[in-house]
Amino acid sequence: MPRPILATVHTQAFIHNLAAVRAHAGDARIWAVVKANAYGHGIERVFNGLRGADGFALLDLNEAQRVRQLGWRGPVLLLEGVFELRDLELCSRLNLWHTVHCEQQIDMLAAHKTYEPHRVFLKMNSGMNRLGFKPAQYRSAWTRLNALPQVDEISLMTHFSDADGPAGVAAQVAAFTAVTRDLPGERTLGNSAATLRHPEALIGSDWVRPGIAMYGSAPDYPQSTAQGWGLQPSMTLAARIIAVQELQTGDAVGYGSNFVADGPMRIGVVACGYADGYPRICPTGTPVLIDGVRSRTVGRVSMDMIAVDLSPTPAAVPGSEVTLWGRAANGVVLPIDEVAAKAGTVGYELMCALAQRVPAIVAD
Ligand SMILES: *Cc1c(COP(=O)(O)O)cnc(C)c1O
């Protein structure tokens, strides 16, 4: 028997979440963002659930190739564009649309010998200062691109830094609109947080670019929850109890003995640790589900194991199911965002960190 830990990718959750996002997106088309191997889920595993999207957006040429191998003939967008000249050949061959965020990428296009002209997304740095042309340089970049025979169609793009927070998107929308008002081409502005929280600011946008919402995590947790946004978890990480210990008052658990029982209690030792992607930093008290009943971790997370408090589930035995995040067999959900918050991070990071050694299956 393989070690009893399993990640389950839920096709129905993707179908549901895509519909939930669409309900916020008006007439805009949807780029399903599947970068980072579909946020740790595996591109091949999410594909059936997300094939109802209008396009796939990602970063890696290798991942773009995999999307094409799955039979996707629709739009594919490279969110960081190309990294070197010869990447453009693959763009031509696989019909990939690509972001242009800097002068060097325009130089590469100008040097590229292509038969089919390219569709590009010209990115504005409207305030985040990560990628893109500053508003003052944007139109000259557009003019330069527009003069290239290698370029067929130019779409306009920006990205928000604060769509999930109090600053919102208004200043960046204003910067973008002021410069692009009379330029032709399709527009794409918002990520999940912008799409869910600021739909009014995205009116007139042709595409939205949700990622995390489709994976069933709230982009603005804890202000909102996944459930509050009507989203379902796309990934369950579950393992089984492999040992049970009876503790007496004063008995300690795990490395560093940093949990000490203040009375007699039973704990279960679970076949999941930080080498599986469960954050080592999660303290005693991080929520888990044991046979679908809420409980907590006790003691330090080690490489291959975690201990959990069996007090709420006296019937738990070796072999009992422990859900680290996602949906238990009885249907109860432990949001990944709750676990991430205990680790001082976001659901994104936990999904992306799911370890290679964890076997994964696709289910409904
Ligand atoms: C990752 C990314 C997104 C998706 O962001 P979420 O917060 O996961 O919705 C959208 N646009 C760009 C440019 C990105 O890099």
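Not measured: the values here are computed from a predicted model.

Peer 1: For this particular structure, what's the right way to read the pattern of salt bridges?
Peer 2: If the charged atoms of two oppositely charged side chains come close together, the side chains can form a pair. Within this structure, the stated rule accounts for 16 salt bridges. The salt bridge partner of aspartate 107 is arginine 144, with a shortest N-O separation of 2.6 Å. Note that aspartate 107 is positioned in helix H6 (residues 103-111) and arginine 144 in helix H7 (residues 135-146), a separation of 37 residues in sequence. Residue classification places arginine 144 among the partly exposed residues on the basis of a relative accessible area of 32%. Linked by salt bridges that have partners in common, Arg3, Asp276, Asp304 and Arg357 make up one network.

Peer 1: Please explain helix H4 (residues 61-69) as it appears in this structure.
Peer 2: The periodicity of an α-helix, 3.6 residues per turn, causes residues three or four positions apart to be oriented the same way. For H4, the full list of buried residues reads Leu61, Glu63, Ala64, Arg66, Val67 and Arg68. The first or second residue beyond H4 is glycine 71, which carries a positive phi of 100°.

Peer 1: Hey, could you run me through the site of the ligand in this one?
Peer 2: Around the ligand sit 13 residues, and of these Lys35, Tyr39, Ser192, Ile212 and Tyr348 come closest. Here glycine 211 contributes a backbone N or O atom positioned 2.9 Å from an oxygen atom of the ligand. Between the ligand and tyrosine 348 there is a distance of 2.6 Å, counted from an oxygen atom to a side-chain nitrogen or oxygen. Out of a free accessible area of 380 Å², the ligand has 93% covered by protein chains. Its residues assigned to classes, the shell around the ligand comprises six nonpolar, four polar and three charged.

Peer 1: Hey, could you run me through the side chain of serine 302 in this one?
Peer 2: Note on placement: serine 302 falls in the loop between strand E15 (293-298) and strand E16 (306-309). By relative accessible area, serine 302 is classed as buried at 14%. The contact partners of serine 302, leaving out residues within four places of it in the chain, are Tyr255, Gly273 and Tyr274.

Peer 1: Even after reading the chapter, I still don't get unusual backbone geometry, so can you show me in this structure?
Peer 2: Generally, phi is negative for residues other than glycine and the peptide bonds are trans, each holding for most cases. For the peptide bond that leads from tyrosine 221 to proline 222, omega is 5°, which places it in the cis range. Mapped onto the elements of the fold, proline 222 is located in the loop between strand E9 (207-208) and strand E10 (235-247). The phi angle at alanine 36 is positive, at roughly 55°, despite the residue not being glycine. Structurally, the position occupied by alanine 36 is in helix H2 (residues 35-39).

Peer 1: Help me understand the domain arrangement of the protein, please; the structure alone is not making it clear to me.
Peer 2: You'll often see interface size given as the accessible area lost when the parts meet. Entries for the protein in the domain assignment read domain 1 (11-215) and domain 2 (235-363). Listed per partner, the contact involves eight residues of domain 1 and eight residues of domain 2. With both sides pooled, the region where domain 1 packs onto domain 2 buries about 840 Å², and carbon together with sulfur makes up 66% of that total. Here domain 1 is connected to domain 2 by zero salt bridges. Class assignment of the residues belonging to the side of domain 1 that touches domain 2 gives a composition of four nonpolar, three polar and one charged.

Peer 1: Any chance you could explain the pairing of strand E14 (residues 287-290) here in plain terms?
Peer 2: It is a general feature of regular strands that their side chains alternate between the two faces of the sheet. Every second residue of E14 is oriented toward a common face, with Pro287 and Leu289 on one face and Val288 and Ile290 on the other, all of them buried. The sheet contact formed by E14 and E15 spans four bridges and is antiparallel. Within E15, the residue paired with isoleucine 290 across the bridge is valine 293. A loop of two residues connects E14 with E15, the two strands running antiparallel in sequence, and aspartate 291 in this loop sits at a positive phi of about 45°.

About the cut-offs
Residues numbered from 1 in each chain as written. Predicted model: local features only at pLDDT ≥ 70, side-chain atom pairs only at ≥ 80, totals over all residues. Heavy atoms only, no water. Salt bridge = Lys/Arg side-chain N within 4 Å of Asp/Glu carboxyl O. Helix = DSSP H or I, 4+ residues; strand = E, 2+ residues; numbered from the N terminus. Buried < 20%, exposed > 50% of the residue type's maximum accessible area, 1.4 Å probe, protein only. Near = heavy atom within 4 Å. Polar contact = N/O pair within 3.5 Å; in protein donor to acceptor, adjacent residues only side chain to side chain. Areas by Shrake-Rupley, 256 points an atom, 1.4 Å probe, with all protein chains shown as cover. Nonpolar A, V, L, I, M, F, W, Y, C, P; charged D, E, K, R; others polar. Contact = heavy atoms within 4.5 Å. Domains from an automatic or database assignment. Buried area = accessible area lost by both parts, 1.4 Å probe. Pairing = 2+ DSSP bridges.

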